[in-house]
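Chain residues, written in single-letter form:
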Amino acid sequence: MLTTVAAGRVFDYSYCIGMYGMSGQGFWSPQDFALGSDGVIYLLSRGVEELGQRVSKCTLDHEFLGQFGGFGPGDGQFIWPRSLALDGQENVYTSDEQLNRITIFDKAGTFMSKWGTPGAGDGELAGPSGIAFDADENLYVVDSLNNRVQKFSKDGKFLAKFGELGSGDGQFDLPWGICLDHKGDVYVADWKNDRIQKFSPGGQFLAKFEATSTGVGDLHRPSGVAVDSEGDVYVTDWGNHRVQVYGPDTAFVTTLVGDAQEPSPWTQTYIDANPDIIKARRRVNMEPEWRFRRPVAVNIDAEDRIFILESMRHRIQIYNKEKNYEEHPINL
């Protein structure tokens, strides 16, 4: 177990889930995921060109439960999928940047409905990216190419919007990920402005998380954001291959860089079946494989465990936030 201690917080690396897979067990250029009931994970893979687009289901115990969706413009298909969220019934909502729509499946993967119209008017979409539900099951959608966030009912009725192109407070430049905290405040990964912005549920600017004047806590193209029960903010720093952690007051806390020294059971099974790979891994420094590579999304569960998705390593790394950690005194 590898431990990161900083500013009164303790993060213990736990384990990883996943591996590369064009289909079936494994992920391919994963973009987002959500934590369902009974330890089930729903994960959205983008694939490459016309292959690999799908939602995969697996458990925290590495059991692969199946997949649904596929490439194409039809019902229940994807071209350039980006984000995924679950409603209260565990129906699966997905965004597609190319098709400019939201597609909905039930928890078993059966197509239910879709909505979305391309454009720049109220309720229209251009490159929809991150999506997240509030407590009333309204869906916030990061309308990336329109540099705004829009709020919809579950069936796609336009309710509200905020944001515009720019670098000032409350403005965006190609925003990406989104999350809500337990108060309903909204956090948006402002990708090209290299910061996270925090808003009230109604869209009023509240705060921002970014580099200090000395450069501490800097971000380069942040992609995802999550908030734990204590208000700490976790950002997938996509361009720097790391996760930056900030306190509720926006102060920088620490950096997580990835600690997956042990492959996932899926990957280990593949390694064990290939003697040449075993020999090759003994000859090289494996540390680069432990570290994050293009972290793209982050989620927090009810136990404040941190789940970090890597698009280039096709896996999720999991950390525990220890709340009762105590260093024992050493008498010299």
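See the structure printed just above.
Owing to the predicted nature of the structure, the values given are computational and were not obtained by experimental measurement. (Residues numbered from 1 in each chain as written. Predicted model: local features only at pLDDT ≥ 70, side-chain atom pairs only at ≥ 80, totals over all residues. Heavy atoms only, no water.)

Caption draft 1: Looking closely at unusual backbone geometry. Positioned with a positive phi, Glu-49 is a non-glycine residue whose angle comes to about 50°. By the element assignment, Glu-49 lies in the loop between strand E4 (40–45) and strand E5 (54–59). Within the chain, His-314 stands out as a residue other than glycine whose phi angle is a positive 55°. Along the polypeptide, His-314 turns up in the loop between strand E26 (306–310) and strand E27 (315–322). (Helix = DSSP H or I, 4+ residues; strand = E, 2+ residues; numbered from the N terminus.)

Caption draft 2: Up close: a nonpolar patch on the surface. Residues Tyr-20, Met-22 and Leu-51 make up a contiguous nonpolar surface patch of roughly 300 Å² in combined accessible area. A relative accessible area of 48% places Leu-51 in the partly exposed class. (Patch = residues over 30% accessible without salt bridge, like charges linked within 9 Å, V, L, I, M, F, W, Y side chains within 5 Å. Areas by Shrake-Rupley, 256 points an atom, 1.4 Å probe, with all protein chains shown as cover. Salt bridge = Lys/Arg side-chain N within 4 Å of Asp/Glu carboxyl O. Buried < 20%, exposed > 50% of the residue type's maximum accessible area, 1.4 Å probe, protein only.)

Caption draft 3: Local environment of the pattern of salt bridges. Applying the stated rule across the entire model yields 24 salt bridges. As a salt-bridge pair, Asp-143 and Arg-148 come within 2.7 Å of each other at their nearest N and O atoms. The salt bridge partner of Glu-303 is Arg-305, with a shortest N-O separation of 3.8 Å.

Caption draft 4: View of the environment of Val-227. Structurally, the position occupied by Val-227 is in strand E21 (residues 222–227). Note on Val-227: relative accessible area 14%, which makes it buried. A C-alpha to C-alpha distance of 9.1 Å links Val-227 and Asp-304, two positions 77 residues apart in sequence. Discounting chain neighbours no more than four positions away, the residues touching Val-227 are Cys-179, Asp-181, Tyr-187, Asp-232, Val-233 and Ile-300. (Contact = heavy atoms within 4.5 Å.)

Caption draft 5: The environment of Ser-95, seen in detail. Looking at the secondary structure, you find Ser-95 in strand E8 (residues 92–96). For the pair Ser-95 and Arg-283, spaced 188 residues apart in sequence, the C-alpha to C-alpha distance is 42 Å. When near neighbours in sequence (up to four residues on either side) are disregarded, Ser-95 contacts Trp-80, Pro-81, Arg-82, Ser-83, Arg-101, Ile-102, Pro-128, Ser-129 and Ile-131.

Caption draft 6: Examining the packing of aromatic side chains more closely. Enumeration over the complete set of coordinates arrives at 21 aromatic pairs. Between Phe-199 and Phe-205 the ring centres are 6.2 Å apart and the planes differ by 80°, which places this aromatic pair in the edge-to-face class. With a relative accessible area of 1%, Phe-199 lands in the buried category. A relative accessible area of 24% means that Phe-205 is categorised as partly exposed. Following the ring pairs from residue to residue traces out a cluster consisting of Phe-68, Phe-78, Phe-105 and Phe-111. In this structure, Arg-221 packs its charged tip against the face of Trp-191, placed 5.2 Å from the ring centre. Sitting over the ring of Trp-238, Arg-294 keeps its end group 4.2 Å from the ring centre. (Phe/Tyr/Trp six-rings, centres within 6.5 Å; stacked < 30°, edge-to-face > 60°. Lys NZ or Arg CZ within 6 Å of the ring centre and 35° of its normal.)

Caption draft 7: Structural detail: the packing of helix H1 (residues 265–272) against helix H2 (residues 275–283). Taken N-terminus to C-terminus, the directions of H1 and H2 make an angle of 105°; their axes are 6 Å apart at the nearest point. If you check the angle between H1 and H2, you find them roughly perpendicular. Of the residues in H2, those touching H1 at Tyr-270, Ile-271 and Asp-272 are Ile-277, Ile-278 and Arg-281. Here the contact of H1 with H2 is composed, by residue class, of four nonpolar, no polar and two charged. (Axes fitted to C-alpha atoms, helices over the stretch in contact; angles between N-to-C directions. Parallel < 35°, antiparallel > 145°, perpendicular 65-115°, else oblique. Nonpolar A, V, L, I, M, F, W, Y, C, P; charged D, E, K, R; others polar.)

Caption draft 8: Region of interest: the pairing of strand E16 (residues 158–162). By the bridge criterion, four bridges tie strand E15 (residues 148–152) to E16 in an arrangement that is antiparallel. Pairing of Phe-152 across the sheet is with Phe-158, part of E16. Hairpin connection of E15 to E16: five residues between the antiparallel strands, including Gly-156 at a positive phi of 95°. (Pairing = 2+ DSSP bridges.)

Caption draft 9: Layout of the sheet that holds E15. Read across the sheet, four strands follow the order E13-E14-E15-E16 without closing on themselves; strand pairing throughout is antiparallel. Whereas interior strands pair on both sides, the edge strands pair on one side only; in this sheet they are strand E13 (128–133) and E16. Taking each pair of neighbouring strands and ignoring which way they run, the sheet shows an average axis angle of 20°. Where strand E14 (residues 139–143) meets E15, five bridges bridge the pair, whose relative direction is antiparallel. Looking across to E15, one finds that Val-141 is bridged to Gln-150.

Caption draft 10: How the structure looks around the side chain of Lys-198. Tracing the chain through its elements places Lys-198 in strand E19 (residues 195–199). Buried charge Lys-198 goes without a salt bridge, the closest partner of opposite sign being Asp-185 at 4.0 Å. Among the polar contacts made by the side chain of Lys-198, one reaches the side chain of Tyr-187 at a distance of 3.4 Å. If we skip the residues at most four places from it in the chain, Lys-198 touches Asp-181, Asp-185, Val-186, Tyr-187, Gln-204, Phe-205, Leu-206, Ala-207 and Phe-209. (Lys, Arg positive; Asp, Glu negative; His and termini not counted. Polar contact = N/O pair within 3.5 Å; in protein donor to acceptor, adjacent residues only side chain to side chain.)

Interpretation note: all reported values are geometric properties and have no functional meaning in isolation.
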